[in-house]
Amino acid sequence: MERRRSLPDVLAGGVFVLIGGAFVAGSLGYELGTPLRMGPGAFPLLVGAIVAALGLAVVVKGLVAGEVVAFGPVPWRAVTVIVLAILFFGFTVRGLGFVPASAVTALLTTLASRRVRPLTAVAVTAGLTAAGTLIFVVGLQLRIPLWGPWLGF
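Quantities reported herein were computed from a predicted structural model and do not represent experimental measurements.

Conventions we followed
- Residues numbered from 1 in each chain as written.
- Predicted model: local features only at pLDDT ≥ 70, side-chain atom pairs only at ≥ 80, totals over all residues.
- Heavy atoms only, no water.
- Helix = DSSP H or I, 4+ residues; strand = E, 2+ residues; numbered from the N terminus.
- Rg over C-alpha atoms; globule rule 2.2 N^0.38 Å.
- Buried < 20%, exposed > 50% of the residue type's maximum accessible area, 1.4 Å probe, protein only.
- Contact = heavy atoms within 4.5 Å.
- Phe/Tyr/Trp six-rings, centres within 6.5 Å; stacked < 30°, edge-to-face > 60°.
- 1 Å grid on protein atoms, 1.4 Å probe; cavity = no way out; pocket = protein on both sides within 12 Å on 5 of 7 lines; lining within 4 Å.
- Points joined across faces, edges and corners; volume = space filled by probe spheres on them.
- Nonpolar A, V, L, I, M, F, W, Y, C, P; charged D, E, K, R; others polar.
- Salt bridge = Lys/Arg side-chain N within 4 Å of Asp/Glu carboxyl O.
- Expected span 1.5 Å × (residues − 1).
- Bend = angle between axes of the 7 residues up to and from the residue.

(A) Quick look at the overall build of the protein chain. Per the secondary structure count, the protein chain includes five helices and zero strands. Moving toward the C terminus, one meets the helices and strands of the protein chain in the order α-α-α-α-α. On C-alpha atoms alone, the protein chain measures out to a radius of gyration of 21 Å, which is more than a quarter above the 15 Å that the 2.2 N^0.38 rule sets for 153 residues. Seen through its principal axes, the protein chain has C-alpha atoms that stretch 65 × 50 × 20 Å. Burial statistics for the protein chain: of 153 residues in total, 24% are counted as buried. A fraction of 64% describes how many contacts in the protein chain between residues 6 or more apart in sequence connect residues 24 or more apart.

This is the structure in structure tokens:
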């Protein structure tokens with residue numbers, strides 16, 4: 001019987017174990033409280049432990065019942081456009097405002113694919129911008145201006 005190991009599963013699970021462990025270690029610096037009156041460290045401790053446990057399960061799966069995965073070519077255009085779109089949003093959201101920055105970011109990310117038609121890209125951009133505005137600015141009441149000073153509003 002041949003055992004197959006999946007290196008991507010082992011590596012991804014290891015990353016989750018490290019992230020979960022970091023949350024657990026960071027939460028120990030806060031008061032944990034009791035089960036009825038949880039302190040500020042209880043939630044990060046629980047989430048970190050769950051993430052680490054799931055990561056450990058992925059590592060075990062990768063070592064015991066891994067599958068051979070053949071990767072295709074890396075879509076460098078999409079990777080580059082998405083990274084640039086995220087950087088654009090981060091650097092311009094305060095100056096342009098939330099609506100224009102998120103609209104340009106959404107448009108860039110939809111155009112990262114070669115299969116998206118321009119009309120579809122505009123529709124996705126409008127929907128994501130409206131949803132993001134409703135969720136973050138209206139619902140969560142983040143203090144981000146809708147229109148920034150660079151536009152003269």
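(B) Summary view of the packing of aromatic side chains. All chains considered together, the criterion is met by two aromatic pairs. Aromatic side chains Phe 89 and Phe 98 sit 6.1 Å apart centroid to centroid with 85° between the ring planes, which places their arrangement in the edge-to-face category. On the basis of relative accessible area, Phe 89 is assigned to the partly exposed category, the value being 26%. By relative accessible area, which is 6% here, Phe 98 ends up buried. Ring-pair connections join several aromatic residues into one group, and the members of that group are Phe 89, Phe 98 and Phe 136.

(C) Seen up close, the layout of surface pockets. Considering only enclosed or pocket space, the largest pocket measures out at about 150 Å³ in volume. Taken together, Phe 89, Phe 98, Ser 102, Ala 106, Leu 128, Thr 129, Gly 132, Phe 136, Leu 142 and Ile 144 form the lining of the largest pocket. Those elements giving two or more residues to the lining of the largest pocket turn out to be helix H4 (98–110) and helix H5 (118–139). The biggest single contributor to the lining of the largest pocket is H5, with four residues. Tallied by class, residues from the lining of the largest pocket come to seven nonpolar, three polar and no charged.

(D) Structural view of the pattern of salt bridges. The final tally for this structure, using the stated rule, is one salt bridge. For Lys 61, the salt bridge identified is with Asp 9, shortest N-O distance 3.0 Å. One end of the pair, Lys 61, is in helix H2 (residues 42–64); the other, Asp 9, is in helix H1 (residues 7–27), and 52 residues separate them in sequence. The partly exposed category is assigned to Lys 61, whose relative accessible area is 38%.

(E) H4, seen in detail. Helix length check: H4 (13 residues) gives 18 Å between terminal C-alpha atoms against 18 Å at 1.5 Å per residue, within 8%. For H4, the complete set of buried residues consists of Phe 98, Val 99, Pro 100, Ala 101, Ser 102, Thr 105, Ala 106 and Thr 110. Looking at the packing, one finds that the buried side of H4 touches helix H3 (76–96) and H5.

(F) The arrangement of H3 in detail. A rise of 1.5 Å per residue sets the reference length of H3, with its 21 residues, at 30 Å; its end C-alpha atoms lie 28 Å apart and thus fit the reference within 8%. If you look at H3, its biggest bend is around 35°, right at Gly 90. Among all positions of H3, only Ala 78, Ala 85, Thr 92, Val 93, Gly 95 and Leu 96 are buried. Taken together, the buried residues of H3 touch H4. Looking one or two residues past H3, Gly 97 carries a phi angle of roughly 100°, positive in sign.

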